[in-house]
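Chain and residue survey
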Amino acid sequence: MLDRPLVTAPPLEAPLRRGQAKPNLLTVEDAKALDPQSMADLFKDHINPGQFHFMKLLGFHKVKVESAEGMFYIDQNGRKILDFFGGFGSLAFGHNHPRIIEARQRFQDEKRHEIAIAFLSQYASALAKNLAAVSPGSLDMVFLGSSGSEAMEAAIKVAERASGRRNCKIVHAENSFHGKTKGVLSLTDSPLYQGEFKLVGNTYKVPFGDLEALTNAVQSDPDIGVVVLETVQGGGGIIGAPTSYWQGVRALCDKHKVLWVADEVQCGYGRTGRFYAFEHHGVVPDVTALAKSLGAGKAAVGAMIARREVYMKAYGTPKTAMIHAQATFGGIGEACVTAIEGLNVLYDEDLIGNAEAVGAYLLERLEAIHQKYPTIIKDVRGQGLMVGLEFQDFSRTLPLALRPMVAILDDKLKGSLSGFIGALLLRDYDVLVAFTEYNRNVIRLEPPLICGEEHVDQFCDALDDLLSRGIVSIVKDFVKSQMG
Ligand SMILES: Cc1ncc(COP(=O)(O)O)c(C=O)c1O
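Residues numbered from 1 in each chain as written. Predicted model: local features only at pLDDT ≥ 70, side-chain atom pairs only at ≥ 80, totals over all residues. Heavy atoms only, no water.

What to know about the pairing of strand 15 (residues 442-445)
The side chains of a regular strand alternate between both faces of the sheet. Going residue by residue along strand 15, you find Val-442 and Arg-444 tucked away on one face and Ile-443 and Leu-445 tucked away on the opposite face as well. Pairing analysis gives four bridges linking strand 12 (residues 386-391) to strand 15, with the strands arranged antiparallel. Considered in strand 15, the bridge of Glu-390 is made with Val-442. (Buried < 20%, exposed > 50% of the residue type's maximum accessible area, 1.4 Å probe, protein only. Helix = DSSP H or I, 4+ residues; strand = E, 2+ residues; numbered from the N terminus. Pairing = 2+ DSSP bridges.)

Structure (structure tokens):
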């Protein structure tokens, strides 16, 4: 509990008040002034005490971000932390891009309207037009929401209805991540997230990138009407598939009149060096979804984009139009304006080209580090600024003397060099990286698309220096930090 006195505005005099008394509420200024200990207490008391435990293991709980600009967070001590995590791909423009801030500021100054349910919204209409313009083929019908899960829910619903199957089954991939809301949770391949919830039962799982398995599934069951795949698996540890696979998926779906939904929530929006990752393979899906960087790091925006023919089949008549029309915050004004400006900045600043060029430099530098430390790094992979760094699983190779030390750590980190490396990169080198849900040996690198070679050098020099300490010293150092 927070026990220090709060800076609050004086309450309205009791005789003047007609409704309930104001509870003890924090103000915005109170929130800004919270110190790390109070933040930790409130997080544990009101948000997620279990999650706090993991944040503490990684040392994240000591950081209070006071501001953020470009490639950096700035903490309470003025420390600049290089952001190679990028909010799992949510920060294409880095933090607080001036053009995005200006567009939002102007919108507020002009007292524009936000909710887009009663009247037509010029902002939602323009954003939908822009999304159609950046999408290939006839992907031009847009549903706007406020998260990746919501966009993916819309994607599977439109595809299921348009598939024409009464008992439509949906294929998804092993190690997939499509969100945690109840519909898409059924397609997210994780016992952890699926918990013991009752999920929708019409799903069918195949290995990712295995065309034969997908073909067998589709051929063996005519009820299969939809195939849902991330073009690059993010939560699975940055796993792609070759062009032959994607062309095979397209041909198979065409042959069997199955609809292909490409989840581009994490890998889309220019991250891999094309606006959509599927554009590397010369194919176009029937439905796709974007979120994360679509909100330009300042707003929550998700979008489902469907081929017009698919959309019209599902919701094309006045009778069916409202089955999945926008929710309360779908197409909200300031979020749309933010996304419109973001798309313009993305092309004006050639950030997709930058992602391709700087991503190639990042891979080149990481490959050299891989060659230098082959017993520590197992693999370096990815495309553009969506890169995975996989460490050797050292749970069996760790020197015997260190095993009791590591055994005292939580299960989540046992044998996971990526957790140790990530924690020490932050503590000793001011660099933030991200972890993957399904493979604890992989670090995900998804820096903002404004990333320059100098930032790659800062990150790679830090990693090289850390790895040069050797595995024993890294493990001892990390374990010691947990004792203190
Ligand atoms: C590929 C993919 N799909 C869907 C989602 C869900 O997005 P959100 O967390 O915005 O609901 C994510 C989130 O990480 C994702 O990576």
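There is more to say, and it comes next.
Brief notes about the sheet that holds strand 5 (residues 169-173)
The seven strands are arranged 4-10-9-8-7-5-6 in an open sheet whose pairing can be described as mixed. The open sheet has two edge strands with one neighbour each: strand 4 (139-145) and strand 6 (203-206). Each strand of the sheet is rotated relative to its neighbour by a mean of 20°, with strand direction disregarded. Sheet analysis places strand 9 (residues 287-290) next to strand 10 (residues 302-307), joined by four bridges and oriented antiparallel. Residue Leu-290 lies in a different strand from strand 10, and its bridge partner there is Ala-303. On top of the sheet, helix 6 (residues 122-134) reaches strand 4, strand 9 and strand 10; it is set at about 135° to strand 4, its chief contact. Lying on the sheet, helix 11 (residues 243-256) is in contact with strand 7 (224-230) and strand 8 (259-263); it crosses strand 7 at an angle near 160°. (Axes fitted to C-alpha atoms, helices over the stretch in contact; angles between N-to-C directions. Contact = heavy atoms within 4.5 Å.)

Some details on the site of the ligand
Around the ligand sit Ser-147, Gly-148, Ser-149, Phe-177, His-178, Gly-179, Glu-230, Asp-263, Val-265, Gln-266 and Lys-292, and those are all the residues in its vicinity. A distance of 2.6 Å separates an oxygen atom of the ligand from a polar side-chain atom of Ser-149. At 2.7 Å from a nitrogen atom of the ligand is found a side-chain nitrogen or oxygen belonging to Asp-263. Considered class by class, the residues forming the shell around the ligand number two nonpolar, six polar and three charged. (Near = heavy atom within 4 Å. Polar contact = N/O pair within 3.5 Å; in protein donor to acceptor, adjacent residues only side chain to side chain. Nonpolar A, V, L, I, M, F, W, Y, C, P; charged D, E, K, R; others polar.)

Section: the packing of aromatic side chains
For any pair of aromatic rings, geometry is given as the distance between the ring centres together with the angle between the planes. Under the definition given, this model contains 15 aromatic pairs. The interplanar angle of 70° and the centroid separation of 5.5 Å between the aromatic rings of Tyr-311 and Tyr-315 together place this pair among those described as edge-to-face. Of the two residues, Tyr-311 and Tyr-315 are both situated in helix 12 (residues 308-315); the distance of four residues between them amounts to about one turn of the helix. Under the relative-accessibility criterion, Tyr-311 is labelled buried at 17%. What links up through ring pairs into an aromatic cluster is the set Phe-93, Tyr-269, Phe-275, Tyr-276, Phe-278 and Tyr-347. (Phe/Tyr/Trp six-rings, centres within 6.5 Å; stacked < 30°, edge-to-face > 60°.)

A look at the sheet that holds strand 14 (residues 434-435)
The sheet built from four strands is open, its strands ordered 11-12-15-14 with antiparallel pairing. The open sheet has two edge strands with one neighbour each: strand 11 (377-383) and strand 14. The pairing of strand 14 with strand 15 spans two bridges and is classified as antiparallel. Opposite Phe-435, over in strand 15, you have Ile-443 as the bridge partner. Contacting strand 11, strand 12 and strand 15, helix 14 (residues 351-372) crosses the sheet at an angle of about 170° to strand 11.

Focus: helix 17 (residues 453-467)
For helix 17, built from 15 residues, the straight-helix expectation of 21 Å at 1.5 Å per residue is met to within 8% by its first-to-last C-alpha distance of 21 Å. For helix 17, the full list of buried residues reads His-455, Val-456, Phe-459, Cys-460, Ala-462, Leu-463, Asp-464, Leu-466 and Leu-467. (Expected span 1.5 Å × (residues − 1).)

Structural notes on empty space enclosed by the protein
Taken as a whole and judged by the stated rule, the model has one cavity of 30 Å³ or more. In this structure, the largest cavity spans a volume of roughly 40 Å³. Around the largest cavity, the lining residues are Leu-144, Gly-145, Ala-300, Val-301, Phe-329, Gly-331, Ile-332, Ala-335 and Cys-336. Among the secondary structure elements, those contributing two or more residues to the lining of the largest cavity are strand 4 and helix 13 (333-348). Residues of the lining of the largest cavity, tallied by class, amount to seven nonpolar, two polar and no charged. (1 Å grid on protein atoms, 1.4 Å probe; cavity = no way out; pocket = protein on both sides within 12 Å on 5 of 7 lines; lining within 4 Å. Points joined across faces, edges and corners; volume = space filled by probe spheres on them.)

Regarding the pattern of salt bridges
All told, the structure shown has 26 salt bridges when counted by the stated rule. Here Arg-99 makes a salt bridge to Asp-348, at a shortest N to O gap of 2.9 Å. In this pair, Arg-99 is assigned in helix 5 (residues 98-109) and Asp-348 in helix 13, connecting sequence segments 249 residues apart. Here Arg-381 ties to Asp-379 by a salt bridge, and the two come within 2.8 Å at their closest N and O atoms. Look at the salt bridges and you will find they share partners, linking Arg-250, Asp-254, Asp-286, Arg-307 and Glu-309 into a network. (Salt bridge = Lys/Arg side-chain N within 4 Å of Asp/Glu carboxyl O.)

Digging into the pairing of strand 10
Most of strand 10 sits inside the fold, with six of its six residues counted as buried. Summarising the sheet, strand 4 and strand 10 pair through six bridges and their orientation is antiparallel. In the sheet register, Leu-144 faces strand 10, and the bridge partner there is Ala-303.

Quick look at the layout of surface pockets
Any empty space left between the atoms is revealed when a probe the size of a water molecule rolls over them. One number sums up the size of the second largest pocket: a volume of about 510 Å³. For the second largest pocket, the lining is made up of 22 residues, of which Leu-120, Val-142, Tyr-311, Ala-325 and Gln-326 are closest to its centre. Elements supplying a minimum of two residues to the lining of the second largest pocket: helix 6, strand 4 and helix 12. Of all the elements, strand 4 adds the most residues to the lining of the second largest pocket, at four residues. Of the residues assigned to the lining of the second largest pocket, the class counts are 15 nonpolar, six polar and one charged.

Considerations on the side chain of His-280
In this fold, His-280 is placed in the loop between strand 8 and strand 9. A distance of 2.9 Å separates a polar atom in the side chain of His-280 from a polar atom in the side chain of Thr-272. In this structure the side chain of His-280 is engaged in a polar contact, spanning 3.4 Å, whose partner is the side chain of Gln-383.

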